Structures are given as structure tokens and as C-alpha cells.
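# Report on the structure
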Amino acid sequence: MEMKGDIAVLRVNNPPVNALSYSVRSGLAENIAALQDDDRVKVAVVICEGRTFMAGADIKEFGKPLQEPGLPDVVDMIEASNKPVVAAIHGTALGGGLEVAISCHHRIALSSAKIGLPEVKLGILPGAGGTQRLPRLAGVENSLDAILSGRHVGMKEASAWGVVDKVVEDDLLDAALAYAGTLSADDIRRTGDIKLDKGKYDDAFFAGFRKSIARKTKGYFAPERCVQCVEASVNLDFKAGLMRERELFIECQSNPQARALQHMFFAERQISRIPGITKETPRLPIKKVGIIGAGTMGGGIAMNFANAGIETTVLELEQAALDRGLSVVRRNYENTMKKGRLTEAQVEERMGLLTGTLSYDDLSDCDLIIEAVFEKMEIKKIVFEKLDEVAKEGAILASNTSYLDIDDIASFTKRPEYVLGLHFFSPANVMRLLEIVRGAKTDVSVLATCVDLAKKIRKVGVVAGVCHGFIGNRMLSPYFREASLAVIEGASPEAVDKVLLDFGMPMGPMAVSDMAGLDIGYMNRQSMGRENYETAAFDWMDRIVDMGRKGLKTGAGVYAYDEGSRVPKPDPEITQLIAEEAEKAGISRRDVSDDEILERSMLALINEGAKILGEGMAYRASDIDIVYCNGYGYPPYRGGPMHYADYLGVDKVYEKLCALRDEKGPRWWEPAPLIEKLAKAGKSFADYDRQNAQ
Ligand code: 3HC
Ligand code: NAI
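Residues numbered from 1 in each chain as written. Chains lettered and ligands numbered in written order. Predicted model: local features only at pLDDT ≥ 70, side-chain atom pairs only at ≥ 80, totals over all residues. Heavy atoms only, no water.

Bringing the side chain of R225 into the picture now. Of note, R225 is situated in helix α9 (residues 222-235). Overall, the relative accessible area of 18% leaves R225 in the buried class. Within the local environment of R225, its side chain forms a polar contact with the side chain of E251, the two groups lying 3.3 Å apart. (Helix = DSSP H or I, 4+ residues; strand = E, 2+ residues; numbered from the N terminus. Buried < 20%, exposed > 50% of the residue type's maximum accessible area, 1.4 Å probe, protein only. Polar contact = N/O pair within 3.5 Å; in protein donor to acceptor, adjacent residues only side chain to side chain.)

Put into C-alpha cells, the structure is as follows:
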């Protein structure tokens with residue numbers, strides 16, 4: 001606290017984001033208490049050092065015993081102050097930070113500032129009065145929007161909502177002092193004193209709101225509690241509303257989803273920590289990008305770079321394929337424009353950054369070239385040999401291959417240190433995940449450049465090692481095996497899908513197989529040889545392909561589909577086929593319980609994940625969780641497969657794997673050595689990550 005005339009300036013300085021840790025809470029509480037009886041003080045200003053206003057409670061303190069004072073007490077003290085308090089906001093006032101700001105009596109902010117209540121994304125709700133104060137300032141609809149979306153709200157909206165009193169362009173402290181200088185004891189405006197008119201906000205209103213968010217929030221615990229809090233702000237007096245908020249906050253905080261989502265928050269911030277890469281590691285400039293292939297992936301990949309303002313040249317073999325690829329890109333942009341998320345000028349600007357070519361010469365000045373041609377090593381060889389000829393010295397050469405060996409691909413060039421995998425997910429312009437596949441010879445600055453680039457193109461870039469399918473697709477294979485085995489052993493395809501949908505996956509594995517095309521797995525298996533996969537799991541699927549049913553694209557697969565519909569319908573013909581195939585394979589079908597379906601699917605994922613980790617193909621268990629939640633629709637509220645293993649207990653997972661191995665044989669069920677090690681040491685995957693981080 002520092003006096004500026006008769007204004008007390010309270011400065012918070014807790015880098016990097018001024019989280020409301022114990023020291024900040026106690027500092028605020030002590031100083032607010034002190035200035036109440038300090039005759040020198042007429043008004044107080046709360047302002048933050050560094051890059052942001054308080055960005056929320058300290059998430060690292062969650063789950064630990066609370067050190068008093070708690071944030072709800074601190075904000076109540078601020079609101080109760082007998083001297084006016086002004087919040088001066090820059091950067092992001094989020095969560096508890098915004099709760100502090102709205103317990104102040106006035107708010108002034110830089111025009112670049114943002115406010116928000118993102119707690120819902122962490123599986124909780126604003127627990128320091130935010131759900132009671134924001135509706136009083138911003139109204140019920142705006143508060144529901146802010147609290148349920150967790151989005152960052154800019155100053156234009158925040159002013160219109162009545163949350164911010166004055167917006168300034170710069171010199172925040174001076175402006176705040178000038179503003180505070182105009183205030184007197186009469187200017188104490190306590191948000192809690194504002195009466196909320198019940199108005200139209202009756203049960204029917206909230207029922208309508210619940211319906212509007214049902215799809216988006218399916219499976220999540222916190223959103224419903226957030227709505228209940230806002231409902232309480234309308235139906236209860238301020239004090240009772242705060243008590244209701246506290247009860248519901250504790251309910252959320254003790255739900256496993258809160259731990260899972262908070263795990264995801266930190267996991268995402270870990271991915272760019274790569275052993276051997278520091279701030280000093282040189283990065284290569286990426287000003288121009290080349291893409292080879294304008295098919296399903298190439299077009300989407302190109303869009304990422306155009307969206308980031310990077311000039312991009314797409315190469316195809318023939319003009320027709322090039323035209324087709326670029327027209328798909330344009331159509332995608334125009335669809336976004338129709339939804340109001342891009343202007344016509346932005347569409348043209350992005351298309352203007354994309355050029356098509358049939359000539360490799362046009363790639364000679366590219367800093368990065370990403371190959372996305374057919375998944376055939378012979379073709380990749382031709383492309384990389386050519387790239388080695390034309391690409392400038394120092395250019396990064398990347399492959400989008402799903403399964404092929406990056407080291408083999410690198411060996412087609414005389415510069416393997418510049419080669420790596422950049423594995424995008426389909427649709428590449430939408431899916432957030434990017435696997436960055438580090439080859440044996442990939443140079444550390446090439447890797448560092450791509451890790452930074454992932455952020456620039458708004459992807460979550462996870463570094464993987466070279467193995468079949470890298471992290472994500474490698475784990476997918478045993479998951480599909482178990483789902484398909486469950487079917488041949490007795491469950492119906494729809495029962496398998498339902499179990500995994502109920503778990504929170506966006507689609508069941510059978511519906512996914514139909515969507516991706518059953519012929520893809522079929523061809524893959526033919527090239528693998530029968531000794532290399534579980535034939536019992538897939539022979540029945542291959543019979544379906546033999547019938548010409550390749551999935552959604554042929555109107556039938558594991559399921560039947562009505563003309564033009566994507567809704568899977570159980571098909572008696574397939575039920576019959578499965579029974580026949582089971583008989584042929586000598587499998588006597590039985591009741592496969594939902595629990596067994598879920599357990600086998602999840603254990604298969606976890607066991608493969610642990611092998612990947614143990615082999616050093618992923619740096620952290622939490623990286624695997626990021627891969628699964630961002631690339632494969634694994635429900636974030638379960639924290640990814642490795643966090644789920646921790647939730648089940650690694651010792652229990654190990655016991656179950658041993659039991660499956662003893663029952664079904666070691667071929668697929670031998671526990672990963674890392675699981676055995678952790679289980680015997682009483683450790684979790686989180687412990688493993690913590691230990692490795694040191
Ligand atoms: N608690 C603890 N650490 C936090 C934190 C928080 N609330 N917010 C950010 N951090 C840490 C990050 O883990 C990261 O640490 P690291 O450098 O060791 O990895 C560091 O601060 C910087 O964070 P980012 O890399 O995310 O920095 P950016 O500049 O990209 O983003 C941000 C800044 C927008 C503030 C972003 O960090 C963010 O969204 N933070 C979380 C905000 C939030 O969820 N607040 C609500 C908390 S819950 C709450 O307030 C409950 C209350 O209602 C009672
Ligand atoms: P695609 O068949 O849709 O497109 C490939 C394109 O490459 C075609 O337009 C073709 O004309 C062009 N092409 C072929 N040979 C070429 C050559 N020598 N020079 C220039 N262009 C050439 O294939 P898709 O699906 O885009 O896959 C491309 C790569 O991405 C593959 O390695 C695939 O494994 C990988 N991938 C695919 C995903 C998907 O879901 N489709 C997901 C992630 C990776």
C-alpha cells in the first residue's frame with residue numbers, strides 16, 4: 001500500500017498472473033482492514049503489477065487445506081469497506097480476479113483488458129460471490145452467458161453490461177487516480193445491495209436456458225450447478241444466494257471432474273516443456289510454408305497457416321486436383337462467413353495468402369514444407385527426394401503421415417536433421433491436436449521451431465517419438481480391438497457404442513468405424529498379415545467389407561443407414577453375420593456386460609499408453625491425456641486415459657490387467673512394465689510426471 005495524496009494504492013504483485021494465492025489474499029485483507037481507520041485515506045485503488053490483473057484463484061492451492069482468509073471473506077471485506085474502492089484492470093480479470101473487481105465499488109479498465117469467469121472450464125463455479133454479484137451488475141442473461149461459457153469478454157461488452165465504469169486507452173494508474181480523486185464517501189456502491197428484479201426470470205426461463213445448453217454440456221457436472229447459482233441470485237436474497245453458491249462450489253470442487261479438468265489445464269501448459277529445449281534454443285523463422293497434396297488433409301493444413309497470416313503454397317500433381325482442393329478451402333471459409341464468424345474481406349485475405357502450383361520450383365523459398373500425399377512409402381520417397389533437391393538450405397521438411405516411419409522418410413533426404421513428422425488430425429482446420437514427431441536425427445532447433453509454431457497456428461502440439469501410429473493412433477488400435485472382440489463374444493454393436501457414448505466419447509467405436517470407412521482397416525490388415533493382429537476381432541468386420549458395405553460412404557457398414565442419413569440403425573443382417581462368424585471361429589457367444597465392455601476398452605488404452613510412456617515415445621502421461629482429449633474426443637471431464645487410470649488407482653489397473661492376462665493370455669494383456677512398477681511402488685501417473693519434471 002502506497003499513499004498518493006489521499007488515495008491508497010494497493011498493488012498486487014504475484015507473477016506470472018497475479019493468482020490470488022494466500023499471500024495476495026492476506027495482503028488485500030490486511031490492507032483493506034488497515035485503511036478503514038486510517039484518516040489519511042479517502043479512497044483506495046486496487047491495481048496489479050506485471051502483465052495482468054488477478055487472473056483468478058491459485059489453482060495450485062486447490063485440494064490443499066485452505067489458509068485463511070478465504071477469497072469469499074476477502075471480497076466481502078472489500079465490498080463492506082467504508083472507503084470507496086476502485087479496481088484498475090489491465091490484462092485479464094478472470095475468476096476470483098473478476099470477483100475481487102466486482103466487489104470493489106468502481107471499475108476502470110484499459111480498453112485492451114478482458115474479463116471472465118472461466119471456472120466452469122475447471123469443473124467448478126465462481127465461488128467468491130461471482131454468481132451473485134455479476135447478475136446484479138450485468139443482468140441475468142449476460143451472466144449466464146459469461147459463467148456458462150467461461151469466455152473472455154472485451155471492454156466494449158463489459159461496459160455495455162455495466163461491469164466497467166470507465167475505459168481508458170493507457171496510463172491506467174493515472175486514470176484510476178484521477179477517477180478516484182472525484183469520489184467521496186457517498187460513492188460507495190455495494191454490488192450486493194443492488195436488488196435483482198425477478199422479472200421474467202421464472203422457472204420457465206431457466207428451463208429454456210437449460211435446454212439451450214444441454215447438448216454442449218452433456219456429461220459435465222459444473223454447468224448445472226452454475227445455472228442453479230444464477231437462479232439463486234434471482235430467487236434468494238444476497239446473503240442466502242452466497243450461501244447457496246458456497247454449497248454448490250464445494251459440491252463441484254469435490255467432484256472428480258474438477259480434478260480432471262484442472263489436470264487438463266496444467267497438462268496443456270506442460271506440453272511445450274521439452275527436455276533439451278530452452279528459451280535460448282535457436283528457432284528458425286517460418287515466413288512461407290509449402291504443402292504437398294491438396295486432398296482431405298492438405299487443404300485443412302494450409303488453412304491453419306493462412307489463418308495465422310502465413311503465406312502458403314499448395315502443390316498438386318494435376319491442375320484438376322489443385323482446383324478441387326483450393327475450392328474446398330474456399331467453401332470452408334465461405335461457410336464460416338455465412339455463420340458470421342468471418343467477414344468477406346477476411347475470406348479474401350486468407351485466400352490471398354494461398355497459392356496453388358504444379359511446380360516444385362515454387363517451393364524453393366519455403367521455410368517449412370509439409371507433405372500430405374497418399375499414405376504409401378514409395379510415394380513419400382519420391383516426394384522427399386524431390387524436396388531434398390528443391391528446398392532451400394535450412395528449410396524444415398515435415399510429413400503428415402499417420403503411421404509410416406519418420407526416420408525412413410528422413411533417410412530419403414541428405415538432411416535428416418531437418419525432417420520430422422507434423423501429424424494433423426482430420427478435419428485439420430478444426431481439430432486442435434498436432435502430434436510433432438521427433439525423428440532420431442531431428443535437430444533440436446527444428447523441433448523447438450515446430451513446438452512454437454503449433455502455438456502460433458493455435459494447435460496443441462504434443463511431441464511424440466517414432467513408433468507405429470505415434471501416440472494417438474497407436475493407442476486406438478487396442479481400443480478398437482477390444483470393442484470388436486466384445487461384439488464377436490456376444491455384445492451387439494449398438495450396446496458397445498452405447499457404453500462408450502455414456503462414458504462420454506462423442507461416438508462409439510462401431511459408428512466411428514463406419515464413418516472412417518471399414519475398408520481402411522481392412523486394407524491395413526491385409527498388408528499386416530494375419531499373424532500380426534487379433535483375427536477374431538476383425539474377421540467379422542472384414543466379411544462386412546466383402547459384402548461391399550464399407551461404412552457411411554456406401555450407405556451401410558456395421559450399421560444400416562437410411563438414404564441421406566448419418567444415423568446408425570442396427571441391422572438384423574449384420575446380427576446374423578456376427579453370429580455365423582462367431583460360430584466359425586468357435587466362439588460361444590455370452591452376455592458381455594456393460595462394465596466389461598468399458599473396462600476392457602479403457603484398460604486397453606491405458607496399457608498401451610503406459611507402454612508408450614515407458615518406451616519414451618511420450619514425455620509425460622499428461623501429454624497422452626492431451627492427445628486423447630484433443631484428437632480423439634476423450635471426455636476432458638475424465639482427464640484423459642492416464643488420469644483416468646490414476647482415478648481408478650494404478651494398483652487396481654495392474655490387478656485387472658493381470659487378471660485379464662491370466663484369463664485371456666499374455667499376447668494382448670501383459671501389463672506394461674511401467675504399470676507394474678508404479679503399482680508396486682504405490683505411485684500414480686501424476687507421481688511419475690512430477691518425478692520426471694524434477
Ligand atoms: N492459478 C495458478 N497458476 C496459474 C493460474 C491460476 N489461476 N493461471 C495461470 N497460471 C500459471 C500457469 O500454470 C502458467 O504456469 P507455468 O508458466 O508454470 O506453466 C503461468 O501461470 C502462465 O499461464 P499461461 O501459460 O496460461 O499464460 P497466458 O499468458 O497464455 O494466459 C491466462 C494467461 C489467460 C491468465 C491463463 O493463464 C488462464 O486462463 N488462467 C486461468 C484463469 C482461470 O481459470 N481463473 C479462474 C481460476 S478458479 C477461481 O478463480 C475460483 C474462484 O471463483 C474462487
Ligand atoms: P487424400 O487422398 O485425400 O489426399 C492426398 C492428395 O495428395 C491427393 O489430392 C493427391 O492428388 C495428392 N498427391 C498424391 N501423390 C502426390 C504427389 N506425388 N505429389 C503431389 N500430390 C500428390 O489423402 P489424405 O487423407 O489427405 O491423407 C494424406 C496424408 O495424411 C496421408 O499420409 C495420411 O495418412 C495422412 N493423414 C490422413 C488423415 C485423414 O483422416 N485423412 C489424418 C491424419 C493424417
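Most of strand β6 (residues 106-110) is tucked away: 5 of the 5 residues are buried. Judged by which residues are buried, β6 turns out to be covered on both faces: H106, I108 and L110 on one side and R107 and A109 on the other are all buried. Pairing of strand β4 (residues 85-89) with β6 involves 4 bridges; the strand directions are parallel. In the sheet register, A87 faces β6, and the bridge partner there is R107. Alignment of β6 against strand β9 (residues 166-168), held across 3 bridges, turns out to be parallel. If you follow L110 over to β9, its bridge partner there is V168. (Pairing = 2+ DSSP bridges.)

For strand β10 (residues 288-292), the buried fraction is high: 5 of the 5 residues fall into the buried class. Neither face of β10 is exposed, since K288, G290 and I292 on one face and V289 and I291 on the opposite face are all buried. Judged from the 5 bridges that link them, β10 and strand β11 (residues 311-315) form a sheet pairing that is parallel. When the bridges of β11 are listed, G290 appears paired with T313. As for the winding sense of the linkage, the β-α-β connection from β10 through helix α12 (residues 296-307) to β11 is right-handed. (Right-handed = clockwise from strand over helix to strand, strands pointing away.)

Surveying the vicinity of ligand 1 reveals 25 residues, the closest of which are R51, A57, E99, E119 and R269. At 2.8 Å from a nitrogen atom of ligand 1 is found a main-chain nitrogen or oxygen belonging to A57. In the model, a nitrogen atom of ligand 1 is placed 2.9 Å from a nitrogen or oxygen of the I59 main chain. When isolated, ligand 1 has an accessible area of 990 Å², and the protein chains bury 77% of it. Put simply, the parts of the chain that give the shell around ligand 1 at least two residues each are β5 (92-94), α3 (96-103) and α11 (256-270). If you tally residues by element for the shell around ligand 1, the top one is α11, at 3 residues. Tallied by class, residues from the shell around ligand 1 come to 13 nonpolar, 5 polar and 7 charged. (Near = heavy atom within 4 Å. Areas by Shrake-Rupley, 256 points an atom, 1.4 Å probe, with all protein chains shown as cover. Nonpolar A, V, L, I, M, F, W, Y, C, P; charged D, E, K, R; others polar.)

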